[in-house]
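Close look at the chain arrangement
One letter stands for each residue in the lines below.
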Amino acid sequence: MVVLSSLLGSAARLLGASRVRFWRRTLSKRETGPPLSVQRRCASEASSDHLGSEVTRYQHLKKYFIRRLKATYHRFHSIPDYSVVCGRHHVYFIKDDGIYRTDKRGVREPEQVVNLEHVSRGEGKTRAESGERFQWTIQRIRLSPQEKHLAATLKRSPNEELRCVVVRLGERNVPLSPPHNVLLELEGVFSFEWATDDVLFYTTLEGLRSSSAFRLDLTSHGGSKISSVYEEAQPDVFVEVALSRDRQILTINGNSRTSSQVMLIDVSKSHLEPFVIQPRQLDLLYHVEHWRGRLIILANTGPAGEYQVVQCPVSEPSMASWVSLFAPSPDSVIKDMDVVGDYCVLVTTTAANKLAFSVMSLSDPKETYIIQLPPWACAIETKKPGLAEQGDVLEFLLSSPVHPPAPYALDPGKGLVLSAAGNQTRAKSQDKHITTRLKARSQDGALVPVTLFHAVPVERLNQVPLLVHVYGAYGRDLDMEFCPVKRFLLEQGWALAYCHIRGGGELGLSWHRRGRVEGKQRGVEDLHACLHKLFSVGVSRPSLTALTACSAGAVPVAALCNANPNTVRAVTLQAPFLDVLGTMQKANLPLTLEDRDEWGDPVGDLNHRQIIASYCPLHNVTPQLYPSMLLTAYSGDPRVPLEGVLQYATFVKTALHSHLSRDPNADSKPASNIVLNVQPGGSHAGPEDLVQTLEEEALKVAFLYAELGLDPPPPPRKRNR
């Protein structure tokens, strides 16, 4: 899908956009450095140097929850995903040690295409030297049109190093012989697509920037030639390549948060020369698909600057030739687009943040209908059609934080959504998980959507613990994909709330615009209104409520704690962005220049400086009783400087001490614990290895149970055999 794929390339302070469901395999996605015992020691030492983390107080509970969470992850190890790639003759899939393929009939034994251990050996390291885990993991797989070559990107964590391996697949029935079939390895490759069997276009990532596009030509004699195709000069533009669903056009997309420029390559032509569709223009965002010699474009040229669908001939692609095909109704916004056969399939959301399909016939645009999706559906993942597939049916997965992905298929010509055979049984088992949509009225009258998951009716939620999630930045939706930890909490009686505050993208581009720069305080007000709404309808109470956020989502959470510290009892923040003012003043940091579109420019604009200073978490800490906090940070995180997290923890602990020393009733109030958990490594998204993830998630759950004064859930009963 064109919008989601392009958004994945942003270098913003965010988490979870495209993380693989790693618990389905034992493969480590994080570079194996020191053993876990050493890593824990490193974390403890780092923390003790900065305030003393007091992590040890939760160790007993943490060990218990590691066992419980491990069992929960195991329950969902076989959930469906779209990691399998279908070629013309073979099916390709990922295993622990690399990429394998088997013939479509499943007659022959699987054969290995890429061996991850060979990548480590190429660096002079054996598996034992890698700490018993492979260092490289597979991110994406692309097959050339006739299945002559395969390209795959590999990632090494925690330094997020990227590499692309190009493999010759050879004749249909000729066995492969890794690593001899590897033609070459390309460093730093982020996005890549085959234009022909012998031509690969790709972009590279340097630091947090992707500004260069290249062309790789493979020769029949095993040689290769690399040439530069495009170089972006603007530092806030992220460049990536994409292939249309019908594989007829390849695009080089240069997107910033305020503008787009797309270059098109017609792969049916021999010269493969790119040309610009519409030159970059401030506040114009657009994304391109292809249908029968015409471009189907999703552009923010609709009412109120929201997305609408337009079309134009490939031969006349500029904005002057764009003709409107579809604009959504005032109470919905377009989130994504796919061209499926002769139909344009749009993912839309309503004002209540419910997902739906709008299906439009490209032959007759007036023929448009809406398909409502299940009320629990919060996230959608579509399948890229295989090389030999017609692509007239859209296969997709629906999920929510507590509902594992369920496969569906849309036949747009018949207007039917078909569910897989096992979905009916799964749906019945999920009926006990209730999804409630609420709206909270913010301080200026704006209605903010809240999605609530619970296992008992709302009127029985007044005594249950509540975990509230929030993000609200960069026009990104709050992550609503399935998470086994959330499912575990729900099954233990928790209620889970997701607050879709301004600054995020849940209600369209205008929802983001109203919560950026001068509107950042609105996000804080929205979060406060959401909590008030939840409490007013009888969901939990402040002493049983915790807030959780990642990265830039920490800003509204920590700002709320400064302004209204009694609203919640505990807070967990992962890779938290807490020093907005200090970071936006340092132009030498990787994201500062592009992030000023989001937060403002305190150096060049005095008004921006005053606004940021009014809510910046680090610069508004004051002596008072703060909620207990678990701050998880990563020592080499390139997106969020560790210095700001350490300073914030110091300031809050100092403020707490100052307040308690002057409060004669301090002994009668619950103690607030500020726990700093600094982990080694340079990943912003946290651990991607199951073992390390269980360690980190179990600590969070143990912290929540301890700080909210909850008894740990009893072990599950053993079933009689």
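Per chain, residue numbering runs from 1 following the sequence as it is written. Thresholds applied to this predicted model are a pLDDT of at least 70 for local features of residues and 80 or more for the giving and counting of side-chain atom pairs; totals over whole chains, interfaces and linings are not thresholded and use all residues. By convention in this description, side-chain values take in all heavy atoms of the structure and omit both hydrogens and water.

Strands are runs of DSSP state E lasting at least two residues, helices are runs of H or I lasting at least four, and both sets are numbered from the N terminus onward. Of regular secondary structure, the protein possesses 14 helices and 36 strands. The rule is simple: take the accessible area with a 1.4 Å probe, protein chains only, and divide by the maximum for that residue type; under 20% is buried, over 50% is exposed, in between is partly exposed. Split into buried and exposed, the 721 residues of the protein put 58% on the buried side. Residue contacts follow a heavy-atom distance rule, with two residues in contact if any of their heavy atoms lie within 4.5 Å. For the protein, the proportion of contacts with a sequence separation of at least 24, taken over those separated by at least 6, is 62%. We get accessible surface area from the Shrake-Rupley algorithm with a probe of 1.4 Å; when it comes to residues, only the shown protein chains can shield them. In the form shown here, the protein has an accessible surface area of approximately 29,200 Å², with 51% of it arising from carbon and sulfur atoms.

If you walk across this open sheet you meet the four strands as S5-S6-S7-S8, and the pairing is antiparallel. The open sheet has two edge strands, strand S5 (136-143) and strand S8 (182-187), and neither has a second partner. Each adjacent strand pair in this sheet contributes to an overall mean axis angle of 20 degrees, direction not counted. By this definition, two strands are paired if DSSP reports at least two bridges between them. Looking at chain direction, S5 and strand S6 (residues 149-156) are connected through seven bridges and run antiparallel. Lines fitted to C-alpha atoms define the axes, with helix axes restricted to the stretch in contact, and inter-axis angles between N-to-C directions lie between 0 and 180 degrees.

Here the focus is the pairing of strand S29 (residues 434-441). Bridging between S29 and strand S30 (residues 447-454) involves eight bridges; their strand directions are antiparallel. For Arg437, the partnering residue across the bridge sits in S30 and is Thr451. Hairpin geometry of S29 and S30 is characterised by an intervening segment of five residues between the two adjacent antiparallel strands and by a positive phi of about 95 degrees at Gly445.

Let us now look at the pattern of salt bridges. The rule for a salt bridge is simple: a side-chain nitrogen of Lys or Arg has to be within 4 Å of a carboxyl oxygen of Asp or Glu. Under the counting rule described, the total for this entry stands at 26 salt bridges. Arg142 is paired through a salt bridge with Glu193; the nearest N and O atoms lie 3.0 Å apart. Linking Arg142 in strand S5 with Glu193 in strand S9 (residues 189-194), this pair joins segments that are 51 residues apart in sequence. With a closest N to O distance of 2.6 Å, Glu161 and Arg156 form a salt bridge. Owing to a relative accessible area of 10%, Arg156 belongs among the buried residues under this scheme. Salt bridges sharing common partners tie together Arg156, Glu161, Arg163, Glu185 and Glu187.

With that settled, consider the environment of Asn677. Mapping Asn677 onto the fold places it in strand S36 (residues 674-679). Asn677 gets classed as buried once you look at its relative accessible area, which sits at 5%. Among the polar contacts made by the side chain of Asn677, one reaches the side chain of Gln679 at a distance of 2.8 Å. In protein, a polar contact requires one atom able to donate a hydrogen and another able to accept it; more generally it is a pair of N or O atoms within 3.5 Å, and residues adjacent in sequence count only if both atoms are side-chain atoms.

Within a beta sheet, neighbouring strands are joined by backbone hydrogen bonds and run either parallel or antiparallel to one another. In spatial order, the strands read S17-S18-S19-S20; together these four strands make up an open sheet with antiparallel pairing. Whereas interior strands pair on both sides, the edge strands pair on one side only; in this sheet they are strand S17 (286-291) and strand S20 (323-326). The sheet shows a mean angle of 35 degrees between the axes of neighbouring strands, taken without regard to direction. Pairing of strand S18 (residues 294-299) with strand S19 (residues 308-313) involves six bridges; the strand directions are antiparallel. Across the sheet, Arg294 pairs through a bridge with Pro313, a residue of S19.

The length a helix should cover is 1.5 Å for every residue beyond the first. An ideal rise of 1.5 Å per residue puts 24 Å on 17 residues; helix H3 (residues 59-75) measures up with 24 Å between its terminal C-alpha atoms. Taken together, the buried positions of H3 are occupied by Leu61, Lys62, Tyr64, Phe65, Arg68, Leu69, Thr72 and Tyr73.

The subject of this paragraph is helix H11 (residues 592-599). Counting buried positions along H11 yields six of eight residues, so the element is predominantly enclosed. Along H11, the residues classified as buried are Thr592, Glu594, Asp595, Arg596, Glu598 and Trp599. Among the structural elements, helix H7 (509-513), helix H8 (520-536), helix H9 (554-563), helix H10 (580-584) and helix H12 (606-615) are those in contact with the buried residues of H11. Within two residues after H11, Gly600 carries a phi angle of roughly 110 degrees, on the positive side.

As a further point, take the packing of aromatic side chains. In summary, the pairing rule links any two rings of Phe, Tyr or Trp, Trp by its six-membered ring, whose centres are within 6.5 Å, and it sorts them by plane angle into stacked for under 30 degrees, edge-to-face for over 60 and tilted for everything else. Tallied over the full model, the rule gives 15 aromatic pairs. Ring geometry for Phe190 against Phe238: centres 5.3 Å apart, planes inclined by 85 degrees, an arrangement best described as edge-to-face. Of this pair, Phe190 sits in strand S9 while Phe238 sits in strand S13 (residues 238-243), and the two are 48 residues apart along the sequence. Neither residue differs from the other here; Phe190 and Phe238 are each classed as buried. Pairwise contacts between aromatic rings join Tyr64, Phe65, Phe488, Trp494 and Tyr705 into one cluster. Across the ring face of Phe190, the terminal group of Arg140 is positioned such that the distance to the ring centre comes to 5.1 Å. When the ring centre of Trp511 is taken as origin, the NZ or CZ atom of Arg502, which lies over that ring, is 5.9 Å away. Ring-over charges, as used throughout, are those where CZ of Arg or NZ of Lys falls within 6 Å of the ring centre and within 35 degrees of the ring normal.

This paragraph deals with unusual backbone geometry. Most peptide bonds adopt trans geometry, and most residues besides glycine take a negative phi value. A positive phi is found at Glu147, a non-glycine position, where the angle reads about 65 degrees. With respect to the helices and strands, the residue Glu147 is situated in the loop between S5 and S6. Residue class for Glu147 comes out buried when judged on its relative accessible area of 4%. Even without a glycine there, the phi angle at Arg247 is positive, about 65 degrees. Tracing the chain through its elements places Arg247 in the loop between S13 and strand S14 (249-255). Classification of Arg247 by relative accessible area gives partly exposed; the value is 25%.

All right, on to the environment of Pro365 then. Relative to the elements of secondary structure, Pro365 occurs in the loop between strand S23 (355-361) and strand S24 (368-372). In this structure Pro365 comes out as partly exposed when scored by relative accessible area, which is 26%. Sequence separation between Pro365 and Tyr343 is 22 residues, and the spatial gap between their C-alpha atoms is 9.0 Å.

The predicted structure's coordinates, where accompanied by low pLDDT, should not be read in detail. The predictor rates its confidence in each residue with pLDDT, a number between 0 and 100. Averaged over all residues, the pLDDT of the protein equals 88, while 87% of them reach at least 70. Taken together, the stretch residues 4-9 has pLDDT below 50 and engages in 13 contacts with residues farther than four places along the chain or on a different chain. Contacts from residues 127-134, a stretch scored under 50 in pLDDT, to residues over four places away or in other chains number 22 contacts.

This part takes up the packing of H3 against helix H6 (residues 484-491). One can describe the packing of H3 onto H6 by two numbers: an axis separation of 9 Å at closest approach and a directional angle of 110 degrees. Between H3 and H6, the crossing angle belongs to the class labelled roughly perpendicular. In this structure, the crossing between H3 and H6 has a hand that is right-handed. Along the contact surface, H3 presents Phe65, Arg68, Leu69, Thr72, Tyr73 and Arg75, while H6 presents Pro484, Val485, Arg487, Phe488 and Glu491. Of the residues belonging to the contact of H3 with H6, the class tally is six nonpolar, one polar and four charged. Orientation labels follow simple angle bins: below 35 degrees gives roughly parallel, above 145 gives roughly antiparallel, 65 to 115 gives roughly perpendicular, and whatever is left gives oblique. Should the near helix be turned anticlockwise from the far one by less than a right angle, the crossing is left-handed, and should it be turned clockwise, the crossing is right-handed. Throughout this entry, Asp, Glu, Lys and Arg are counted as charged residues, while Ala, Val, Leu, Ile, Met, Phe, Trp, Tyr, Cys and Pro are counted as nonpolar. The remaining residues, Gly among them, count as polar.

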